[in-house]
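Remarks on the overall topology
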Amino acid sequence: MSGALPRELHLHVGLPKTGTTYLQRCLALNADAFTADGFALGPMQDAGGAHHRLAWMARDEGAEAMAQVLDAARGERLLVSSEVFSDLLARPERAAELHRALAPRFKTVIHVTLRRPDLMKESAYAEVAKNEDPATTAATYATAAEGLRKVGAYSSAVMALKK
């Protein structure tokens, strides 16, 4: 090891119904301010500010492929955001793979936006009601509990990474 400080990777994990899309839009609209504060918005960012293609790369090609793309990116403090990271980190084996790929290259800081579970359920119901036939809304809403399960699984995966 050369003694040089590792680059930072700020990984925003967008959990369902926690305002991630809004946050990503703010990132895109305020890119100059983040740059002035020493951050580089990571590679493969879409027009809305999300880094879904980067997260899909980790999902489909493996964490090492994503880590190589990030390693080649410019900047000492990278910031990436995607809802897809929540699916990856909800699986302990995928979280461990991501950790193995990123740890030698970056000091990784994980950012998660949380929402009170009762408000998350209300928001999930409103989303289902807005997008589905009212006759199927109640049945579909029952699956919103899956989103809450992901929050618990994600928390477990993050705790495992800290060990």
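Residues numbered from 1 in each chain as written. Predicted model: local features only at pLDDT ≥ 70, side-chain atom pairs only at ≥ 80, totals over all residues. Heavy atoms only, no water.

1. Focus on the pattern of salt bridges
- All told, the structure shown has 6 salt bridges when counted by the stated rule.
- Between Arg105 and Glu64 there is a salt bridge, and its shortest N-O distance comes to 2.6 Å. Taken as a pair, Arg105 in the loop between α6 (92-102) and β4 (106-112) and Glu64 in helix α4 (residues 63-72) lie far apart in primary sequence, 41 residues in all.
- On the basis of relative accessible area, Glu64 is assigned to the partly exposed category, the value being 36%. (Salt bridge = Lys/Arg side-chain N within 4 Å of Asp/Glu carboxyl O. Helix = DSSP H or I, 4+ residues; strand = E, 2+ residues; numbered from the N terminus. Buried < 20%, exposed > 50% of the residue type's maximum accessible area, 1.4 Å probe, protein only.)

2. Topic: the side chain of Ser86
- Considering the arrangement of structural elements, one finds Ser86 in helix α5 (residues 84-89).
- What makes Ser86 buried here is its relative accessible area of 5%.
- Only 3.2 Å separates the side chain of Ser86 from the backbone oxygen of Gly14, close enough to count as a polar contact.
- Only 2.6 Å separates the side chain of Ser86 from the backbone oxygen of Glu83, close enough to count as a polar contact.
- Residues within four places of Ser86 in sequence aside, it is in contact with Val13, Gly14 and Leu15. (Polar contact = N/O pair within 3.5 Å; in protein donor to acceptor, adjacent residues only side chain to side chain. Contact = heavy atoms within 4.5 Å.)

3. Side note on the packing of α4 against α6
- Following both chains from N to C, one finds α4 and α6 inclined at 35 degrees, their axes separated by 8 Å at the closest point. For α4 against α6, the interelement crossing comes out right-handed. Contacts between α4 and α6 involve Ala63, Glu64, Met66, Ala67 and Leu70 on the former and, on the latter, Glu97, Leu98, Ala101 and Leu102.
- Residues of the contact of α4 with α6, tallied by class, amount to 7 nonpolar, no polar and 2 charged. (Axes fitted to C-alpha atoms, helices over the stretch in contact; angles between N-to-C directions. Left-handed = near helix turned anticlockwise from the far one by under 90°. Nonpolar A, V, L, I, M, F, W, Y, C, P; charged D, E, K, R; others polar.)

4. So, the packing of aromatic side chains
- One pass over the structure, following the stated rule, counts 0 aromatic pairs.
- When the ring centre of Phe39 is taken as origin, the NZ or CZ atom of Arg77, which lies over that ring, is 3.9 Å away. (Phe/Tyr/Trp six-rings, centres within 6.5 Å; stacked < 30°, edge-to-face > 60°. Lys NZ or Arg CZ within 6 Å of the ring centre and 35° of its normal.)

5. Some thoughts on the side chain of His12
- Inspection of the secondary structure puts His12 in strand β1 (residues 7-13).
- Residue class for His12 comes out buried when judged on its relative accessible area of 5%.
- Engagement of the side chain of His12 in a polar contact is seen with the side chain of Ser81, the distance being 2.7 Å.
- Within the structure, His12 has its side chain in polar contact with the side chain of Thr113 (distance 3.3 Å).
- Among all residues touching His12, those that are not within four sequence positions of it are Thr20, Leu23, Val80, Ser81, Ser82, Phe85, His111 and Thr113.

6. Some thoughts on the environment of Asp37
- Mapped onto the secondary structure, Asp37 falls in the loop between α2 (31-36) and β2 (40-41).
- Along the backbone, Asp37 and Arg77 are 40 residues apart, and their C-alpha atoms lie at a distance of 9.7 Å.

7. Describing the nonpolar core
- Met66, Leu70, Phe85 and Leu102 are the most contacted members of the largest nonpolar core, which totals 25 residues.
- At the level of secondary structure, the elements contributing two or more residues to this core comprise β1, α3 (52-61), α4, β3 (77-82), α5 and α6.
- Residue contributions to this core peak at 5 residues, all from α4.
- When residues no more than four places from it in sequence are discounted, the contact partners of Phe85 are Leu11, His12, Val13, Ala55, Met66 and Val80. (Core = buried A, V, L, I, M, F, W, Y, C linked by side-chain atoms within 4.5 Å.)

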